Amino acid sequence: MPKLGHPIRSTSAVAAAALLAVVVAGTAGASPAKHSDVTITGAGATFPAPLIAQWVPALGPALGITFNYSAVGSGAGITQITARTVDIGASDAPLTPDQFTACNGCIQIPWALGGTSVMYNLSGVKNLLHMDGPTIAKIFLGQITTWNDPAIAKLNPGVSLPSTAITIAHRSDGSGTTYNITDYLSSVSPEWSSKVGKGTAVNWPVGVGGKGSSGVAAVVASTPGAIGYADVAYALQNHLQYFAMKNNSGKFTTPGTRGVTAAASSGQKPAADNSLSIVNPPKKYANAYPISTFTYAIVPLSSPKAADLKRMLFWIVTKGQATQYTAKLRFVPLPASVLSVDEKAIAKIHS
Amino acid sequence: MATADVTATPTRRPFTGRRVRFGDVSLQVVAGAAAAATTALVGLITWKVIDGSRLAIVKNGWGFLTRVAWNPVIGRELYGAGSFLFGTVVTSFGALLLATPLALGAALFLTELSPRFIRGPVTALIETLAAVPSVLIGLWGIYVLGPALRTSIEHWLHAAFGWIPLFGPQSAAGASVFTAIIVLAIMILPIVSSISRELFLGVPLELKEGALALGTTRWEMVRGIMFPYARGGITAALILGLGRAMGEAIAVTQVIGGSPTIQWNLFSTSDSLASKIASTYQGAVSRLQLSSLIELGLILLVLSLAANITAQWIVRQTARKHGVTRGGHA
Amino acid sequence: MDRAADGAQARRHPRGTRVSAQELSGPSVRNDRLARRRRVGHAMEAGAWLSAAIAVAILGLVVWSVASKGRSELNLNLITKTPIPFSLTNAPQGLSNAFAGTIVIVGLATLMALPVGILIAVYVNEFAPPSIRAGVGLVLDVLSGVPAIVIGIFIFLLLVVGSGQSALKGSLSLAILMLPFVARTTIEVLALVPNSLREASLGLGIAAWRTTLSIVLPRAIGGILTGTVLAVARVAGETAPLLFTSSVVGTKTDWDPAHALQTIPVAIFELSESPSPQDHARAWAAGFILLMFILFASLGARALVTRHTRKISGR
């Protein structure tokens, strides 16, 4: 048997081993998971994901907890915590009675507060465009199809709008942000309410689906004339413009700290299941941004990781609300009334 | 790689008349257990998928197969596989239509036309196309192919033939049935090509040379001798390619846009069975929706198995017809 | 079948009269039909050349796109730094968690699939009667036809519901995908081992099981490993089953199979839907590395196949 084969084989074996060693050494050098860390897995809403990404690096040093969060959408969060495939679920849409039953002893805890921006891609127009409920409902229904439609022009006098076609970008996955905006659309448009309704996933009359808030932002960013919806942090991070929405007092407000704080003051008392609705607040909240929402952590009351969950959640609803985490992403610290409800709820978790 | 012809008997003799050692028996038992476990696995997969879709089967009924609906709003829930079945059929058959002439042409090139020295490298390259991960082809589809198609071919086709409903308004973001068809065609091209290549290599030399000696052109020889001879195998290859296209979830979901409607416009967004499952499964909001998605998976499983088993059956039939040995070739 | 166009010819050669080859090809006779047939033939041959060129061009196009678009992020950071989701600064980030996870998951999948595949091949080749051989062949073919996403659903329903995701469960789903491939190539390779070898061994009094394990398998090991490398190349890029079994992951570089680990294909899938151009570039760069590994493994394995085949069968 010729010996020629062996040098080739052994060389490639050595080369493969060397490559493997390089990769292993390289990855090992990058912050390996410490064995003393507790790992808590979470999945759910993309809405709070940018804020959670700020919490994660702080949770390690502060509490010794590694929080692995996967932003797969509120619907997925509910499904996964129901099936106990993760330790904690997250959803912007409060659980329905059926979902509570299915979850079998879960509790929901509002842990963040923010605004859903209606973002768009219209590079030729630099002004902050105005929009109101009935008009945006018609747009999402597919009844208004171009930017220079009279309804849009009426809200923005003096702005020259192009004739670009409007492409709607919506969520293709089960989403609490979808729940938030369809909740809003249902309250401002009877036609939307009867034709489509509200929910974490609806039958969108028109539009392109994107996965997660990132997916929607991606569609909007890459499609001239597109309109989509996502937590305002996504619009900020991707330099997308968003509308100033008309609230019930007639003012055009943006999803910033002021608008969301004003909206939150309309929902002071959580319901028995800890849910709060602050969509389209009545007109006495003059500065309110009408598409604001609380977002919830969904935790099983009885969990093997109860002690660590309680520590983590307590940190999140107190220290995690500090402006160093929330301000630049336009999240708003939880109001005191909500905080006290949260603390009582967290105390109920047991192992 | 062509299926292993396990019916071709390696000449082994049974261990008769020999002392049966404990080691022999244990090896046979362990190895047999592995084979049995694999068989059980196939059954288990089928059973688990049926079990998971049971709730949906009961609630959705037979109408599920044709209903065009996917309304997950709680309280108005209505699910149907109609649009996804349509999407799967359109994208898979479209991909097959596009890939078949290219694959057969490439196979012919490699067996009849190419200079000997490039035969090996080009074969390897085309087969390597099959190894490219679907997520990369999907990524390429979103950011390279989709936008390129939108501004070029879709634009021309719509401008020139816009009166045909097939060539309606262009896709807004490059995501469309058309992009999905091309992506799938790229994925099944190497499969059909490599199987066809082996089939063409198996055509007996005497038949080919006989035809040429009678004065046919090379193309006429291919059309009159090779295609009919390899007809069964090519059909099997096409069905295998079809099965592969139907089962592809990731690349399709990246480029197809995800809308549960039936439209004739090739440039509109759509969705297929596999793509719907991949995009929605983790985000299912109710047990019925979850179960309906699994029911989509069940339909997909049935279609894929049917395609696969049909193709294998055809292969065995033609192998029997032509005998197992390959014809002479270099 | 003389046509009217060949009128002159028809008058000279009524139907049924033999036409000499010289007359058919002689320059003095009109060869419209032959010319047309030749033209068609040439057009078809050109089509075949074009088809092959297109197929190769597509591969080149994809490889070139992946290489050029990932260039900006194709540096050491990619494998040494962890990802920073929603980063508000320009701190260097990479996909170290995905590289580590891919090695763990694909490695474990190979360790699961290889022994089972070899055992099946041993059973089929050495022990099974023809009917069972055909049956197992059918089972392997059926298993290879199950779409990857259905396998993902299966493992999810069987193992993940109620107990969570993990790299091990992801490996299991990949192992199921690899199994038919490994088993089939091992069957083919074992069949190539000359029977004379087995008979010689048995004739010397070596037990049958010993023969198989110590004589036949080592002889075929080259081919088996080649088949394994091809199977690894195939599943290294699989995304769908991992979405169900190992997608809720952390950003730290983790090697623990009990945790859900990030993998390169899943990372690419998620990054591809992000709006950030840096995320896209990172997806292309990771894709480039994955693609190079797969190409290297596939082409290398194929190059070795002929050598092994000759060595195994003793020719």
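As the structure is a computational prediction, the values presented were derived from the model and not from experiment.

Conventions used here
Residues numbered from 1 in each chain as written. Chains lettered and ligands numbered in written order. Predicted model: local features only at pLDDT ≥ 70, side-chain atom pairs only at ≥ 80, totals over all residues. Helix = DSSP H or I, 4+ residues; strand = E, 2+ residues; numbered from the N terminus. Contact = placed C-beta atoms within 7 Å. Buried ≥ 20, exposed ≤ 12 C-beta atoms within 10 Å, placed from the backbone. Nonpolar A, V, L, I, M, F, W, Y, C, P; charged D, E, K, R; others polar. Core = buried A, V, L, I, M, F, W, Y, C linked by C-beta atoms within 7 Å. Domains from an automatic or database assignment. Right-handed = clockwise from strand over helix to strand, strands pointing away. Expected span 1.5 Å × (residues − 1). Pairing = 2+ DSSP bridges. Axes fitted to C-alpha atoms, helices over the stretch in contact; angles between N-to-C directions. Parallel < 35°, antiparallel > 145°, perpendicular 65-115°, else oblique. Left-handed = near helix turned anticlockwise from the far one by under 90°. Bend = angle between axes of the 7 residues up to and from the residue. pLDDT = per-residue confidence, 0-100.

Caption draft 1: Fine view of the overall build of chain B. A tally of regular secondary structure across chain B gives 12 helices and 2 strands. The secondary structure elements of chain B, listed N-terminal to C-terminal, are α-α-β-β-α-α-α-α-α-α-α-α-α-α. When the backbone C-alpha atoms are referred to their principal axes, chain B occupies close to 70 × 60 × 30 Å. Sequence-distant contacts in chain B: of pairs separated by 6 or more residues, those separated by 24 or more amount to 78%.

Caption draft 2: Seen up close, the overall build of chain C. Summing up its helical and strand segments, chain C has 13 helices and 0 strands in all. Moving toward the C terminus, one meets the helices and strands of chain C in the order α-α-α-α-α-α-α-α-α-α-α-α-α. Counting over 315 residues, chain C shows a buried share of 54%. Taking contacts inside chain C between residues at least 6 apart in sequence as the whole, the part at least 24 apart equals 75%.

Caption draft 3: Layout of the interface of chain A and chain B. Taken together, the 24 residues of chain A in the interface contact 21 residues of chain B. Secondary structure elements with two or more residues in the side of chain A that touches chain B: α3 (74-82), β7 (208-210) and α9 (212-222) of chain A. Considering each element in turn, the side of chain A that touches chain B owes the most residues, 4 residues, to α3 of chain A. For the side of chain A that touches chain B, the per-class residue count stands at 8 nonpolar, 14 polar and 2 charged.

Caption draft 4: Local environment of the nonpolar core. In this structure, Val183 and Ile188 of chain B together with Met178 and Ala286 of chain C are the most contacted members of the largest nonpolar core, which totals 301 residues. Examining the composition of this core, we find that 18 residues originate from one element, helix α5 (residues 96-127) of chain C, more than from any other. Both of domain 1 (30-69) and domain 2 (77-313) of chain C provide at least three residues apiece to this core. Aside from chain neighbours lying at most four places away, what touches methionine 178 of chain C is Ala109, Ala113, Ala231 and Val235 of chain C.

Caption draft 5: Spatial organisation of the pairing of strand β1 (residues 38-44) of chain A. In terms of burial, β1 of chain A is largely enclosed, as 5 of its 7 residues are buried. With respect to chirality, the unit in which β1 of chain A leads through helix α2 (residues 49-63) of chain A into the neighbouring parallel strand β2 (residues 65-71) of chain A is right-handed.

Caption draft 6: Molecular detail of the interface of chain B and chain C. In this assembly, 77 residues from chain B lie in contact with 80 residues from chain C. Considering every element that reaches the side of chain B that touches chain C, the biggest residue donor is helix α1 (residues 22-52) of chain B, with 17 residues. Among the residues forming the side of chain B that touches chain C, the class breakdown is 49 nonpolar, 22 polar and 6 charged.

Caption draft 7: Main features of the domain arrangement of chain C. Residues and elements named next belong to chain C. Taken domain by domain, chain C holds domain 1 (30-69) and domain 2 (77-313). Computed over C-alpha atoms, the centres of domain 1 and domain 2 are 35 Å apart. With 4 residues of domain 1 at the contact, the number on the domain 2 side is 5 residues. Grouping the amino acids of the side of domain 1 that touches domain 2 by side-chain chemistry returns 3 nonpolar, no polar and 1 charged.

Caption draft 8: Geometry of helix α6 (residues 130-145) of chain C. The end-to-end C-alpha distance of α6 of chain C is 23 Å, a good match for the 22 Å that 16 residues give at a rise of 1.5 Å each. Buried residues in α6 of chain C make contact with α1, α9 (218-247) and α12 (287-322) of chain B together with α5 and α8 (167-192) of chain C.

Caption draft 9: Region of interest: the sheet that holds strand β5 (residues 130-131) of chain A. Residues and elements named next belong to chain A. Here 3 strands make up an open sheet; going across it, the order is β5-β10-β11 and the pairing mixed. Looking along the sheet, the strands with just one partner apiece sit at the ends: β5 and β11 (252-253). Direction of pairing for strand β10 (residues 244-246) relative to β11: antiparallel, over a ladder of 2 bridges. Paired with methionine 245 across the two strands is threonine 253, which belongs to β11.

Caption draft 10: Structural detail: the packing of helix α3 (residues 82-113) of chain B against α9 of chain B. All names here are of chain B. Following both chains from N to C, one finds α3 and α9 inclined at 140 degrees, their axes separated by 9 Å at the closest point. Taken together, the axis directions place α3 and α9 in an arrangement best described as oblique. Here the hand of the crossing between α3 and α9 comes out right-handed. Mapping the contact onto sequence places Thr88, Thr91, Ser92, Ala95, Leu96, Ala99, Thr100, Leu108 and Glu112 in α3 and Arg218, Val222, Leu238, Gly241, Leu242, Ala245 and Met246 in α9.

Caption draft 11: The arrangement of α3 of chain B in detail. Over its 32 residues, α3 of chain B runs 45 Å from end to end, which matches the ideal 46 Å to within 8%, given 1.5 Å per residue. At alanine 99 of chain B, α3 of chain B shows its maximal kink, close to 35 degrees; a proline, proline 101 of chain B, follows between one and four residues later.

Caption draft 12: Representation of the environment of threonine 235 of chain B in the model. All names here are of chain B. Relative to the helices and strands, threonine 235 resides in helix α9. Judged by the 15 C-beta atoms lying within 10 Å of it, threonine 235 falls in the partly exposed class. Counting along the chain gives 208 residues from threonine 235 to leucine 27, while the straight-line C-alpha distance between them is 39 Å.

Caption draft 13: Expanded view of the confidence of the model for chain C. All names here are of chain C. For chain C, the mean per-residue pLDDT works out to 86, and 90% of the residues sit at or above 70. pLDDT under 50 marks residues 1-7. Its contacts with residues more than four places away, or in other chains, come to 5 contacts. Under the prediction, the complex receives an ipTM of 0.86, its pTM being 0.83.

Caption draft 14: Expanded view of unusual backbone geometry. Residue and element names in this part refer to chain A. At arginine 84, a residue that is not glycine, the phi angle is positive and equals roughly 55 degrees. Residue placement: arginine 84 occurs in the loop between α3 and β3 (88-91). We note that histidine 239 has phi near 50 degrees; this positive angle belongs to a residue other than glycine.

Caption draft 15: View of the environment of arginine 84 of chain A. Classification of arginine 84 of chain A as partly exposed rests on a count of 18 C-beta atoms within 10 Å. Between the C-alpha atoms of arginine 84 of chain A and alanine 201 of chain A, which are 117 residues apart in sequence, the distance is 22 Å.

Caption draft 16: Spotlight on the packing of α9 of chain B against helix α3 (residues 32-69) of chain C. At a closest axis distance of 7 Å, the pairing of α9 of chain B and α3 of chain C adopts a crossing angle of 75 degrees. What the angle tells us is that α9 of chain B and α3 of chain C run roughly perpendicular. Across from Arg218, Trp219 and Glu220 of chain B in α9 of chain B, the residues of α3 of chain C making contact are Arg37, Val40, Gly41, Met44 and Glu45 of chain C. Here the contact of α9 of chain B with α3 of chain C is composed, by residue class, of 3 nonpolar, 1 polar and 4 charged.

Caption draft 17: Expanded view of the pairing of β2 of chain A. Residues and elements named next belong to chain A. Counting buried residues in β2 gives 7 out of 7 residues, a clear majority hidden from the surface. Alternating residues of β2 divide into Ile65, Phe67, Tyr69 and Ala71 and Thr66, Asn68 and Ser70, and every residue in both groups is buried. Examined bridge by bridge, β1 and β2 share 7 bridges and lie parallel to one another. The partner of glycine 44 across the bridge, within β2, is alanine 71.

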